[in-house]
Amino acid sequence: GSHAALGRMVGGDPDPVGGRPSRSRNVLYRLFAAAFLPQGYPDSVPADYSAFQLWDTVQGFCSYVRSMLTSHALLKGVGVGVEESSALGAVFVFLVRDMSGQLAGVLFAAVQGTGFDAYPKQWRLFADTMNNVGLMIDLVAPQLLLDENGAADGPGERSRSSENLFLALLCCGRVCFALVGVAGGASRSALTYHFSKDGRNAADISGKEGSQETLASLVGMLAGFYLLKTLDALERSIQTQVQWLVFALLTLLHMYSNYRAVRSLQLVSLNASKVSHLWTRFSAGQVPSPADYAQYELSPLHLYDWVREKVNVVKGRKIDIVFGEHPLGGEEDAEGQVTASLSDPDGDYGITLTLGPLAFGRGVRGTLFVSVREGAQEGRRKLKAYCHAVHIKSWVIRSLEARSGPAIKRGRIDEEWASYILLKADEGDVFKRRYPRISKGWTWWDRFWRDLKKKGWARDKVYIYCSCKN
């Protein structure tokens, strides 16, 4: 689909006589491919590469056109074209603005860390949302320093409060762009690794991605420049309205393009929410493929399932899954809490369930602490332990729903009942029961592990970290 469309668009249309692409078109296509496509395209990249890059180019074009609008507005705001303005004052404004962004970028990267590998789609959308917010702030801020006719006030005509607010907004905008740089760059690295088929041609793909972005930026800046010339030719009374209308339309196109871009991705890595969905679907029938999950992720059905999980929290049934030892280390539980534990028969991992009242409101707060033994095949053990915890979590929530009396609503759980729930979940556990219709003696977990590979999931790319909350 997308590969063929790109070939036809650049140089693959047959001539009307011989039914083959003309020589000039072939030359044009080879030049285009050498400059902007990875070597060996389309065989050297996954099937989702073309669709993603197409929509990514569209959103990049929208961003660069809007950046021309905001740059024009900012230059007017700092006093370009006003006789009383000084270059030193403009330099100070940009210095404070850039320092704010750099500090925000460092702090954000320190806080997030490994989360970028697990959820590149979501962080990509976050980065583009922050980009939209930052551009809007940059377009709003200079309006504080314009007179009623849309002309920039001189330094002596501006109030101190408007100048301070202008600087504060510029700093907020730069903070947004710093988050864009960190989240966008990190998610881009994860996507480059995905497109490169385990890193074999990552450098080539990254370089061609830069060339594609350069092309989009050149076209976008040229379009933005001619757009500014058109705006300047309009009457001053309607310039602002037309500017905001164009900005709004480009922002809508930018948001739609980004949504289509991330929806086209068929990532084969595994994260917490993805494994939960795959395990639930497997329990009901079969493991979805990466293409099936891509159609589900970020869809209305995905949103509905997310809301349904949050409803359990609102109703006082909050269960978290955390990788790590129980913090009390076997000591006496906190007031109102009860604890029950189980271990994998092979000693690969242990799971500790704690239940107690919510700190605020009525209901039960539970945590499943999962500790995994280090060593060979740690990724498989971690995945198995997490699936086991997801299974127990669903048992606990169903049990809380069935036992929704006054004591449960007040968060009162006795230790005997908690141990019973954990025991029942373990007895009916699909990790011990043999899978029907096969004679290899496999458990349900063994079948799930095999089906992950059969469907095309990368079982060695398991990005499940310390805390997975409801």
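Just so it is clear, the structure is predicted and the values come from calculations on it, not from any experiment.

S.K.: Explain the nonpolar core here, please?
M.R.: Side chains of a nonpolar character, in soluble globular proteins, are inclined to be buried together. Membership of the largest hydrophobic core comes to 42 residues, with the highest contact counts inside it found for Leu383, Phe448 and Leu452. Looking at this core element by element, the count peaks at ten residues for helix α13 (residues 378–402). Residues within four places of leucine 383 in sequence aside, it is in contact with Leu270, Val275, Trp445, Trp449, Leu452, Val462 and Ile464. By size, the runner-up hydrophobic cluster in this structure holds 13 residues, among which are Cys62, Leu69, Leu139 and Phe247.

S.K.: Even after reading the chapter, I still don't get helix α8 (residues 202–232), so can you show me in this structure?
M.R.: Think of an α-helix as 3.6 residues a turn; residues three or four steps apart then line up on the same face. Under the 1.5 Å per step criterion, the end-to-end length of α8 is 44 Å for 31 residues, consistent within 8% with the ideal 45 Å. Here α8 has its buried residues at Ile205, Lys208, Glu209, Gln212, Ala216, Ser217, Gly220, Gly224, Leu227, Leu228 and Leu231.

S.K.: Sorry, what's going on with the environment of glycine 347 here?
M.R.: Assignment of secondary structure puts glycine 347 in the loop between β3 (338–343) and β4 (349–357). Overall, glycine 347 belongs to the partly exposed group, its relative accessible area being 41%. As a C-alpha pair, glycine 347 and arginine 373 span 26 residues in sequence and 7.7 Å in three-dimensional space.

S.K.: What is the right way to look at the pairing of β4 in this model?
M.R.: Looking along a regular strand, one sees side chains alternate from face to face of the sheet. Taking burial as the measure, the nine residues of β4 include eight buried ones, the bulk of the element. Bridge count between β3 and β4: six bridges; the pairing is antiparallel. Bridge pairing in β4 places alanine 340 opposite leucine 353. Adjacent in sequence and paired antiparallel, β3 and β4 are bridged by five residues, among which glycine 347 carries a positive phi angle near 75°.

S.K.: I would appreciate a short explanation of unusual backbone geometry in the present structure.
M.R.: Negative phi values dominate among residues other than glycine, just as trans dominates among peptide bonds. Looking along the chain, the bond that leaves tyrosine 41 and enters proline 42 is cis, with omega of 5°. Within the element layout of this structure, proline 42 appears in the loop between α2 (23–36) and α3 (49–77). If you check the backbone angles, leucine 298 has positive phi at about 65° while not being a glycine. Tracing the sequence through the fold places leucine 298 in the loop between α11 (290–296) and α12 (300–314).

S.K.: Would you mind showing me how to read the confidence of the model for the protein here?
M.R.: Do not read the fine detail of predicted coordinates wherever pLDDT is low. Looking at the protein as a whole, the pLDDT averages 79, with 75% of positions reaching at least 70. The least confident element of the protein is helix α14 (residues 406–409), whose mean pLDDT is 48; the most confident is α11, at 93.

S.K.: In this structure, what is going on with the packing of aromatic side chains? I would like to understand it.
M.R.: Ring pairs (aromatic) are described by centroid distance and by the angle formed between their planes. By the definition in use, this model includes 18 aromatic pairs. Seen from their ring centres, phenylalanine 52 and phenylalanine 195 are 5.5 Å apart, and the 45° between their planes marks the pair as tilted. On the criterion of sequence distance, the pair formed by phenylalanine 52 in helix α3 and phenylalanine 195 in helix α7 (residues 160–195) is long-range, its members being 143 residues apart. Phenylalanine 195 carries the same exposure label as phenylalanine 52, and that label is buried. Consider the rings of phenylalanine 225 and tyrosine 226, whose centres lie 5.6 Å apart with planes at 75°: the pair is edge-to-face.

S.K.: Whenever I open this one, a nonpolar patch on the surface confuses me. Can you help?
M.R.: A cluster of nonpolar side chains, contributed by Leu215, Leu218, Val219 and Met221, occupies part of the molecular surface with about 320 Å² of accessible area. Position of leucine 218 among the secondary structure elements: in helix α8. According to the relative accessible area criterion, leucine 218 is partly exposed, its value standing at 47%.

S.K.: Looking at this model, I keep getting lost on the environment of histidine 72. Mind explaining?
M.R.: Here histidine 72 shows up in helix α3. Using a relative accessible area of 24% as the deciding quantity, one classes histidine 72 as partly exposed. Expressed as a C-alpha distance, the spacing of histidine 72 and aspartate 138, which sit 66 residues apart in the sequence, is 9.9 Å. Contact partners of histidine 72, with chain neighbours within four places excluded, come to Leu228 and Asp232.

S.K.: So what exactly am I meant to see when it comes to the pattern of salt bridges here?
M.R.: Going through the model one piece at a time under the given rule, you end up with twelve salt bridges. The salt bridge involving aspartate 56 is made with arginine 124; its shortest N-O contact spans 2.4 Å. Separated by 68 residues along the polypeptide, aspartate 56 in helix α3 and arginine 124 in helix α6 (residues 120–140) bring together distant segments of the chain. Across the salt bridge formed by arginine 450 and aspartate 451, the nearest N and O atoms sit 3.6 Å from each other. Exposure remark for arginine 450: the relative accessible area of 31% places this residue in the partly exposed category.

S.K.: Please explain the side chain of serine 63 as it appears in this structure.
M.R.: Position of serine 63 among the secondary structure elements: in helix α3. Once residues within four sequence positions are removed from consideration, serine 63 is found in contact with Asn131, Leu135 and His254.

Basis of the calculations
- Residues numbered from 1 in each chain as written.
- Predicted model: local features only at pLDDT ≥ 70, side-chain atom pairs only at ≥ 80, totals over all residues.
- Heavy atoms only, no water.
- Core = buried A, V, L, I, M, F, W, Y, C linked by side-chain atoms within 4.5 Å.
- Buried < 20%, exposed > 50% of the residue type's maximum accessible area, 1.4 Å probe, protein only.
- Helix = DSSP H or I, 4+ residues; strand = E, 2+ residues; numbered from the N terminus.
- Contact = heavy atoms within 4.5 Å.
- Expected span 1.5 Å × (residues − 1).
- Pairing = 2+ DSSP bridges.
- pLDDT = per-residue confidence, 0-100.
- Phe/Tyr/Trp six-rings, centres within 6.5 Å; stacked < 30°, edge-to-face > 60°.
- Patch = residues over 30% accessible without salt bridge, like charges linked within 9 Å, V, L, I, M, F, W, Y side chains within 5 Å.
- Areas by Shrake-Rupley, 256 points an atom, 1.4 Å probe, with all protein chains shown as cover.
- Salt bridge = Lys/Arg side-chain N within 4 Å of Asp/Glu carboxyl O.

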